[in-house]
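Working through the structure, step by step
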Amino acid sequence: MLETSLSEQAEMLREMLRIRLVEEAIVDRYGENEMRCPVHLSIGQEGVAVGVSAALRREDKVFSTHRAHAHYLAKGGSLKKMLAEIYGKAEGCVGGRGGSMHLMDPDEGFVAGIPIVSSGIPLAVGSALADKRTRKDNVTVTFFGDASVEEGVFHESMNFAALHKLPVLFVCEQNLYSVYTPLRERQPDRPLSDLARGHAMNILSGNGNDVEEVYALSTEAVEKARNGDGPSFLLFDTYRWREHCGPNYDNHLGYRSEQEFQEWRALCPVENYRNKLLASKCLQPGQEETWAAEIDAEISEAFEFARSAPLPDIESASLFTYA
Amino acid sequence: MLETSLSEQAEMLREMLRIRLVEEAIVDRYGENEMRCPVHLSIGQEGVAVGVSAALRREDKVFSTHRAHAHYLAKGGSLKKMLAEIYGKAEGCVGGRGGSMHLMDPDEGFVAGIPIVSSGIPLAVGSALADKRTRKDNVTVTFFGDASVEEGVFHESMNFAALHKLPVLFVCEQNLYSVYTPLRERQPDRPLSDLARGHAMNILSGNGNDVEEVYALSTEAVEKARNGDGPSFLLFDTYRWREHCGPNYDNHLGYRSEQEFQEWRALCPVENYRNKLLASKCLQPGQEETWAAEIDAEISEAFEFARSAPLPDIESASLFTYA
Amino acid sequence: MPDNRNLSYAEAISEGLKEAMAHDDSVFIMGQGISDPSSYWGTTAGIIDQFGVDRVMEMPVAENGMVGIAVGAAMSGQRPVICLHRVEFSLLAIEQIVNNAAKAHYVSNGVHRSPLVIRMVVGRGWGQGPEHAQSLESVFSHFPGLKVIMPTFPDDAKGMLIAAIQDDNPVIMIENRWLHYVNGNVDEGLYLKPLDGPRVIAEGTDVTLVATSYMTLEAMRAADYLREIGCSVEVVDLRVIRPLNLEPVFESVRKTGHLVTIDSGWVTYGVGSEIVASVAENCFSSLKAPPLRLGPPDHPTPSSRGLIADYYPNDVKIIKAVERLLQLDGEKVRGLLDAAIERNKQLPIDVADPFFKGPF
Amino acid sequence: MPDNRNLSYAEAISEGLKEAMAHDDSVFIMGQGISDPSSYWGTTAGIIDQFGVDRVMEMPVAENGMVGIAVGAAMSGQRPVICLHRVEFSLLAIEQIVNNAAKAHYVSNGVHRSPLVIRMVVGRGWGQGPEHAQSLESVFSHFPGLKVIMPTFPDDAKGMLIAAIQDDNPVIMIENRWLHYVNGNVDEGLYLKPLDGPRVIAEGTDVTLVATSYMTLEAMRAADYLREIGCSVEVVDLRVIRPLNLEPVFESVRKTGHLVTIDSGWVTYGVGSEIVASVAENCFSSLKAPPLRLGPPDHPTPSSRGLIADYYPNDVKIIKAVERLLQLDGEKVRGLLDAAIERNKQLPIDVADPFFKGPF
Ligand SMILES: Cc1ncc(C[n+]2csc(CCOP(=O)(O)OP(=O)(O)O)c2C)c(N)n1
Ligand SMILES: Cc1ncc(C[n+]2csc(CCOP(=O)(O)OP(=O)(O)O)c2C)c(N)n1
Ligand SMILES: [Mg+2]
Ligand SMILES: [Mg+2]
């Protein structure tokens, strides 16, 4: 497995922590009813977003889904613009047109979050095709959940990417559920990665809550893609802590057991990585607290920005229907 | 491998011969411009249609594609009504509404030919679901070509059938081409059956030009399905002799080589099976000629019927828009 | 009908499903998360308890496959009811809907049938955005072989749904999300509201308003305001978008001479266009002024409340349209408008107006 | 323009593609069998020879994926042109078309663009049947963000295709299969025919015919017949179905006072409905009689020549509509009708009428 440098480790831990704190800040404030759009939080799944993005360059491109906050932030998307977007403000990353489900920051390579399940996957393949056609050595990543592989277009996209050896990574965050519905009610019992075998694709599976493992596997896949050796399918096991959409815990509803949740809770990607780095002395005691303070300040400022920003001008609603 | 009784062998050879002669009769007469609809002939692919159907009961159900003649006839569909349909006549199996691409004879269990690629596959799964729900022990077969597996809905259907262990057979006729486009320009290099492995499906692969092998594998899959042990994916290699759509040979166009064609031509499912049965003395010399004469008579009568049948009443065109 | 039969639209749907399922074993429901605790905003509440999972099919996230499977089952004698959380998810299944479902009967020369119902929900408000708020009734209604219904009131929601389930054709039922909270009196037991066309829900002599779904409630409210100044407004709830029976609309226009349509979806190539065209063809000499079409403006639905403030037609816009059409006394209308605008200002733009809770 | 520049519509398309590809490296074409010997009825003939397989992308049979990939490539600066052998195959890709392609620019607040062209062919005749002959322009035209064009003549086919390729928006180009054989004069080189609206192709003062695609040719022929009896017919070729610029139609109707629309697709919720509705709203006082809509009847397209004999609008039906509308002298019209009917009888119902070969 890949050697991870000290600064990379620190960066990854800090970024996971940052995403966690942003999401928790959204949780704290969602009840104020000022963020008036659906939000799908990534709490518990930070390892995948951060591990994959750490393997990417700024020019590399990312497509995501309804659950995009972590991917957007990890790729370098502007926090202020993300929050302003969730607040429906003119300063939002898409001027309030999309809300949380339509994030984008193309300057940072976060091309788009697409809320229709699997609908962003072929876009990522098209982006990789464009790069191949224009001989750019970028890599494109498409993040999606375990339900996405049920949509036909996932397969259509995989087939084409494999056929043309396109520089694209298919990253599946297997969190066991589609909304409230468990995997076993939606797919037959087999390793989900067998689907990728059908498309003759390079397959890498790992623990999505172990950011170093995610980073190592992603780096391998990115190198392969960048060298013209084609796409990979990366399967990462992870778990969403809170409800599918919204800020709350919802284990009391009974669709998943408290025990299952607690088991995954114990596998927290942030906490475990911090403990590991502390144990191996790669992290100085107190460092995390310093970060947390910096991040809290950043978050406060960003919320202040988002909250005080003006709503978009109603006249602008009809702009950009056509280019 | 399954033992095939003498009468079964004879039946299968006779049926292949019949389908071949029907298709060749269409070839002979197509130039008269009286069959005014696209026709996709099955010449060269009779082994799959006959071998699979031989494993089915009358109540079992079949869905097919644009290339449906062989499947329809093998399942017991009325020849007269098929030809009348191709002639656009009122006595056609759907009264002239569909032509060759929309064949059906539900009384014989041939539910429908659906000309949109892969569009019939979920219908077959739905038919199997209905049988399961109503505790009928029928099996449903969906025939399709090697391009069908490129459509997403193929995967969506396979996933659902596997998940619910539905009594359905996915029968892929791998004839190397989609229209003029070879497999290698459409799919990465791997056994096509790997796709089915991704859906945890029972897989059976065989020589589609060997009707006994097709029959044996189908019988195995049918039994499994009827016993509630779920669906199978059957992959049969075969070859279409004539152009994709229409009566002619088209090797001169250069999209496939004359040599490739000749190699497959030598693997003629009818000829080889006849020779095998003759060699093993399962077929009496002269028997085939007797059959051919009977079949020719049947064909002449059916063409006569189709040709002389009236065109549908123009007033009836608007009927059956709603039930 | 006892008083306690005042139900929400969502409750009425759930009751309709239960009645239809109890009545006919071949009816079953399919959908993503169909058995989950949210029960499609309550519209499938209690169904598993009553009928068990055998009649409630949890589906993978694969809409094209789902609809195709439903069509196949329907052709085999089952009566599936598909539930989609948003209209948009059906876009993945249009091939199955318009080729197999809509044409199975026709192309089989009357032999096959595909009796299935596809419920589709239109999102509105709370930042739904461009891909969770489209109202696409005119798209589906272009296809012969499909039926398309949009009940507005709880009793219709129940009775038309049961009629749709018992219909031998594929029926698309489009529900505005905000209607789920609307209340009204609902009969007990199994009853059918025929899929036969519009209903005049308020009589009037000066102008005809034809609206669909949630827009019918806006039209009702506008009519109430206008009545205050002596303007007599007839409100027609379209109900069945295909097959389209416009006789009641023609009759109304022959009386009023004035027509305003209020669309739930985009105006261009929308439902109002078909109505206005048919009225122009059939009641030309009765029309005293050019008809007017209202509906959302010709751009995607933005998410922010700052951008949708002016997006949907409402009572104010309808009153203004009628003012223009009938050349009403501007002084008088100003009073109504001020009242309506003031009232609307008190309410958030992105959650359902409590006025519309009913009971109706 | 030298005489030998008389090209077929198919040749004009192929020329347009080549010019656009030579002009801009980011243009490439994608489709199933795009490199095969049939070359989409000649419309892609010679392109591989000139540009190599790098610019000609053979695609698997997976339309939703194909369109999504094209949108992704377009968002990255490429200009893909997708070729579909039938309109129906696009039904599998509607989600990508109406959500991603149509809304990428809007939802990104003007940052993303999806400049792609999707060519779709409408089948007709020779037993095409219900799933190979649908003309669905009104469906696509309902969606803001899309452009929808239907060129009728070879010079438009070339120039509008080039304009579509250079447009920064997704453009759907619908081609009637029979138009591929139509001939006309076509300019050399790279030129654009703007996607700006209809063209008046025959001037007249008594009645306005508005038609799309192949129906424009039927309207032209009807106009020719009617002229013989002194009836002056204005024919408008709609060309651009979205965004819809109806000013030239309004102008025409203000002059003639009479309107007949002739649709390629079904009438109900069709293009003619939108035109009639807009004319009723905008030229109400100019209309001397109720407008009329023609189009295929409201059922799927049957395969047999016995069943389609009366399916498509043609010169005869248009003449009859104008007779009714203008209350023409029945005696005079009978002569025209007899001639038209007699002529049509000589021809097979299911292959393109040689009259329409042009050159136009
Ligand atoms: C085509 C489509 N169908 C259904 C939905 C509704 N939906 C939104 S998110 C979601 C669950 C997706 O699950 P998964 O892909 O596992 O991602 P996760 O939410 O677990 O991150 C569903 C079904 C949708 N947005 N698009
Ligand atoms: C959705 C769709 N896309 C494209 C077509 C056009 N088409 C008709 S048959 C065919 C080839 C199918 O190839 P395959 O599935 O291998 O069957 P074969 O013709 O070889 O029997 C294609 C692309 C279609 N009918 N439907
Ligand atoms: Mg999941
Ligand atoms: Mg094939």
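Bear in mind that the values here come from a model prediction, so they are computed numbers and not experimental data. Sequence order sets the numbering: in each chain, residues are counted from 1 along the sequence as written. To label them, take the chains in the order written and letter them from A, then take the ligands in the order written and number them from 1. With the structure being a predicted model, the display of local features is reserved for residues of pLDDT at least 70 and the display and counting of side-chain atom pairs for 80 or more, all residues being used for whole-chain, interface and lining totals. Calculation of side-chain values draws on the structure's entire complement of heavy atoms; hydrogens and water are dropped beforehand.

1. Some points on the coordination of the magnesium ion (ligand 3)
All names here are of chain A. Donor selection uses N, O and S atoms within 2.8 Å of the metal (3.2 Å for Na, K and Ca). Since no water is included, sites may look incomplete. Here the magnesium ion (ligand 3) is held by Asp-146 (OD), Asn-175 (OD1) and Tyr-177 (O), and the distances to it run 2.0 to 2.2 Å. In primary sequence terms, the donor set of the magnesium ion (ligand 3) follows D-x28-N-x1-Y. Taken together, the residues Asp-146 in the loop between β3 (140-145) and α6 (152-163) and Tyr-177 in strand β5 (residues 177-178) connect sequence positions 31 residues apart. Tyr-177 shares its class with Asp-146; the two are buried. Secondary structure is summarised from DSSP: a helix means a run of H or I of at least four residues, a strand means a run of E of at least two, and numbering begins at the N terminus for each. A 1.4 Å probe rolled over the protein chains alone gives each residue an accessible area, and that area as a share of the maximum for its type sets the label: buried under 20%, exposed over 50%, partly exposed in between.

2. With respect to the coordination of the magnesium ion (ligand 4)
Residues and elements named next belong to chain B. Around the magnesium ion (ligand 4), the protein contributes the donor atoms Asp-146 (OD), Asn-175 (OD1) and Tyr-177 (O), which lie 2.0 to 2.2 Å from the metal centre. For the magnesium ion (ligand 4), the donor residues sit on a single chain with the sequence spacing D-x28-N-x1-Y. Overall, the relative accessible area of 6% leaves Asn-175 in the buried class.

3. A closer look at the nonpolar core
Only buried Ala, Val, Leu, Ile, Met, Phe, Trp, Tyr and Cys residues count toward a nonpolar core, and they belong to the same one when joined by side-chain atoms within 4.5 Å. In this structure, Phe-233 of chain A together with Phe-233 of chain B are the most contacted members of the largest nonpolar core, which totals 242 residues. Not counting chain neighbours up to four residues away, the residues in contact with Phe-233 of chain B comprise Phe-144, Phe-154, Met-158, Phe-170, Cys-172, Leu-192, Ser-193, Ala-196, Met-201, Asn-202, Ile-203 and Leu-204 of chain B. Two residues form a contact once any of their heavy atoms are found within 4.5 Å.

4. Brief notes about the relation of the copies chain D and chain C
The atoms used to superpose the copies are C-alpha atoms, taken from residues with pLDDT of at least 70 in both, and the fit is least squares. With an RMSD of 0.0 Å, the fit of chain D onto chain C corresponds to turning through 180 degrees and sliding 0.0 Å along the axis. Seen this way, the second copy is the image of the first under a two-fold rotation axis. No C-alpha of chain D lies nearer the rotation axis than that of Ala-277 of chain D, which sits 2.3 Å from it. The fraction of interface residues of chain D whose copies in chain C are also interface residues reaches 100%, indicating that both copies meet through the same surface.

5. Section: the interface of chain D and chain C
Accessible area lost on assembly of the parts is the figure often given for the size of an interface. Counting residues at the interface gives 51 residues for chain D and 51 residues for chain C. Carbon and sulfur atoms supply 65% of the area that chain D and chain C bury against each other, a total of about 4,700 Å² over both sides. Two parts placed together each lose some accessible area; with a 1.4 Å probe, that loss summed over both constitutes the buried area. When the buried area of chain D at its contact with chain C is split by residue, His-142, Tyr-269 and Phe-284 of chain D rank highest and sum to 19% of it. Just to be clear on terms, a salt bridge is a Lys or Arg side-chain nitrogen sitting within 4 Å of an Asp or Glu carboxyl oxygen. The interface formed by chain D and chain C contains six salt bridges. The residue Glu-281 of chain D makes a salt bridge to Arg-293 of chain C at a minimum N-O spacing of 3.0 Å. Residue classes follow a fixed rule: Ala, Val, Leu, Ile, Met, Phe, Trp, Tyr, Cys and Pro count as nonpolar, while Asp, Glu, Lys and Arg count as charged, and any other residue, Gly among them, counts as polar. Taken together, the residues of the side of chain D that touches chain C break down into 28 nonpolar, 13 polar and 10 charged.

6. A word on the packing of aromatic side chains
Each aromatic pair joins two rings of Phe, Tyr and Trp (for Trp, the six-membered one) with centres within 6.5 Å, and gets the label stacked for planes under 30 degrees apart, edge-to-face for over 60, and tilted for any other angle. Summed over the entire model, instances satisfying the criterion amount to 35 aromatic pairs over all chains. Plain terms: the ring middles of Phe-144 of chain B and Phe-154 of chain B are 5.5 Å apart, the flat faces sit at 65 degrees to each other, and that makes the pair edge-to-face. Of this pair, Phe-144 of chain B sits in strand β3 (residues 140-145) while Phe-154 of chain B sits in helix α6 (residues 152-163), placing them 10 residues apart in sequence. For the pair Phe-144 of chain B and Phe-154 of chain B, one class covers both residues: buried. Through successive ring pairs, a cluster of aromatic residues spans Tyr-177, Tyr-180, Tyr-239, Tyr-255 and Trp-264 of chain A. Geometrically, a charge over a ring is one whose NZ (Lys) or CZ (Arg) sits within 6 Å of the ring centre while staying within 35 degrees of the ring normal. Across the ring face of Tyr-106 of chain C, the terminal group of Arg-97 of chain B is positioned such that the distance to the ring centre comes to 4.3 Å. A cation over a ring is seen here: Arg-256 of chain B above Tyr-177 of chain B, with NZ or CZ 5.9 Å from the ring centre.

7. With respect to the sheet that holds strand β12 (residues 240-242) of chain D
Adjacent strands of a sheet form backbone hydrogen bonds with each other and so pair up, either parallel or antiparallel. All names here are of chain D. Pairing between two strands requires that DSSP report at least two bridges joining them. If you walk across this open sheet you meet the seven strands as β3-β2-β4-β5-β7-β6-β12, and the pairing is mixed. For this open sheet the edge positions go to β3 (56-58) and β12, each flanked by a neighbour on one side alone. For this sheet the average axis-to-axis angle between neighbouring strands, irrespective of direction, equals 20 degrees. For strand β4 (residues 79-84) and strand β5 (residues 117-122), the ladder comprises four bridges, and the chain directions are parallel. Every angle, taken between N-to-C directions, lies between 0 and 180 degrees, and every axis is a line fitted to C-alpha atoms, over only the stretch in contact when it is a helix.

8. Remarks on the interface of chain D and chain A
In this assembly, 44 residues from chain D lie in contact with 34 residues from chain A. Summed over both sides, the interface between chain D and chain A buries roughly 3,000 Å², with carbon and sulfur atoms accounting for 63% of that surface. Among the residues chain D hides against chain A, the three largest losses belong to Ile-69, Tyr-106 and Asn-109 of chain D. Together they make up 22% of the total. At the boundary of chain D with chain A, the tally comes to zero salt bridges. Any pair of N or O atoms that falls within 3.5 Å is considered a polar contact. Within protein, one atom must be able to donate a hydrogen and the other to accept it, and sequence-neighbouring residues count only if both atoms are side-chain atoms. At the boundary of chain D and chain A, one finds 16 residue pairs in polar contact (both at pLDDT 80 or more). For the side of chain D that touches chain A, the elements supplying multiple residues, two or more each, are β2 (27-31), β3, α3 (63-75) and α4 (94-107) of chain D. Element by element, the count of residues in the side of chain D that touches chain A is highest for α3 of chain D, at nine residues. Partitioning the side of chain D that touches chain A into residue classes produces 18 nonpolar, 16 polar and 10 charged.

9. Some details on the domain arrangement of chain C
All names here are of chain C. Segmentation of the chain into domains, including their bounds, is taken from an automatic or database domain assignment. Once the domains are mapped, chain C shows domain 1 (6-185) and domain 2 (199-345). Taken over C-alpha atoms, the centre of domain 1 sits 28 Å from the centre of domain 2. Facing 30 residues of domain 1, the contacting portion of domain 2 comprises 25 residues. Note on domain 1 versus domain 2: buried area summed over both sides is about 2,200 Å², and carbon and sulfur give 60% of it. In terms of surface lost to domain 2, no three residues of domain 1 exceed Arg-124, Met-150 and Phe-153, which account for 24% of the buried area on that side. At the junction of domain 1 and domain 2, the tally comes to one salt bridge. In this structure, the salt-bridge partner of Asp-156 is Arg-239, at a minimum N-O distance of 2.6 Å. At the boundary of domain 1 and domain 2, one finds 11 residue pairs in polar contact (both at pLDDT 80 or more). At the level of secondary structure, the elements contributing two or more residues to the side of domain 1 that touches domain 2 comprise α5 (137-141), β6 (147-149) and α6 (154-166). Across the side of domain 1 that touches domain 2, the residue classes break down as 15 nonpolar, 11 polar and four charged.

10. With respect to the pairing of strand β11 (residues 233-237) of chain C
All names here are of chain C. Where burial is concerned, most of β11 is hidden: five out of the five residues are buried. Burial along β11 is two-sided: the residues Val-233, Val-235 and Asp-237 and Glu-234 and Val-236 are all buried. As paired strands, strand β9 (residues 199-202) and β11 are joined by three bridges and run antiparallel to one another. By the bridge assignment, Arg-199 is partnered in β11 with Asp-237. In this sheet, β11 lies alongside strand β10 (residues 207-211) in parallel orientation, the contact comprising five bridges.

11. Quick look at the side chain of Thr-208 of chain D
Residues and elements named next belong to chain D. Examined against the element boundaries, Thr-208 turns out to sit in strand β10 (residues 207-211). There is a polar contact of 2.7 Å between the side chain of Thr-208 and the side chain of Thr-256. Once residues within four sequence positions are removed from consideration, Thr-208 is found in contact with Glu-234, Val-236, Ser-252, Val-253, Thr-256, His-258, Leu-259 and Val-260.

12. Thoughts on the pattern of salt bridges
All names here are of chain C. Taken as a whole, this structure holds 82 salt bridges over all chains when the rule is applied. Linking Lys-147 and Asp-167 is a salt bridge whose minimum nitrogen-to-oxygen distance equals 2.7 Å. On the criterion of sequence distance, the pair formed by Lys-147 in strand β6 and Asp-167 in the loop between α6 and β7 (171-176) is long-range, its members being 20 residues apart. Measuring nitrogen to oxygen at the nearest pair gives 2.9 Å for the salt bridge that ties Asp-353 to Arg-221.

13. So, the site of ligand 2
What makes a residue near a molecule or strand is one non-hydrogen atom of that residue sitting within 4 Å of it. Near ligand 2, the surroundings consist of 20 residues, among which His-66, Arg-67, Val-117 and Asn-175 of chain B together with Glu-63 of chain D are the closest. Per-site note: the chains with residues close to ligand 2 are chains B and D. For ligand 2, an oxygen atom lies 3.0 Å from a polar atom in the backbone of Ala-147 of chain B. Note that an oxygen atom of ligand 2 is positioned 3.0 Å from one of the backbone N or O atoms of Tyr-177 of chain B. When the free accessible area of ligand 2 is taken as 580 Å², the share hidden by the protein chains comes to 93%. Each accessible area is a Shrake-Rupley result for a 1.4 Å probe, and residues are judged covered by the shown protein chains and nothing else.

14. Side note on the packing of helix α7 (residues 214-228) of chain D against helix α11 (residues 315-326) of chain D
All names here are of chain D. Axis separation between α7 and α11 bottoms out at 8 Å; the angle between their running directions is 55 degrees. Between α7 and α11, the crossing angle belongs to the class labelled oblique. Here the hand of the crossing between α7 and α11 comes out right-handed. Counting all contacts with α7, which are made through Glu-218, Ala-219, Arg-221, Ala-222, Tyr-225 and Leu-226, the residues of α11 involved are Asp-315, Ile-318, Ile-319 and Val-322. Along the lines of polarity and charge, the residues of the contact of α7 with α11 split into seven nonpolar, no polar and three charged. Roughly parallel here means an angle under 35 degrees, roughly antiparallel means over 145, roughly perpendicular means 65 to 115, and every remaining angle is called oblique. Each crossing gets its handedness from the near helix: less than a right angle anticlockwise from the far helix is left-handed, clockwise is right-handed.

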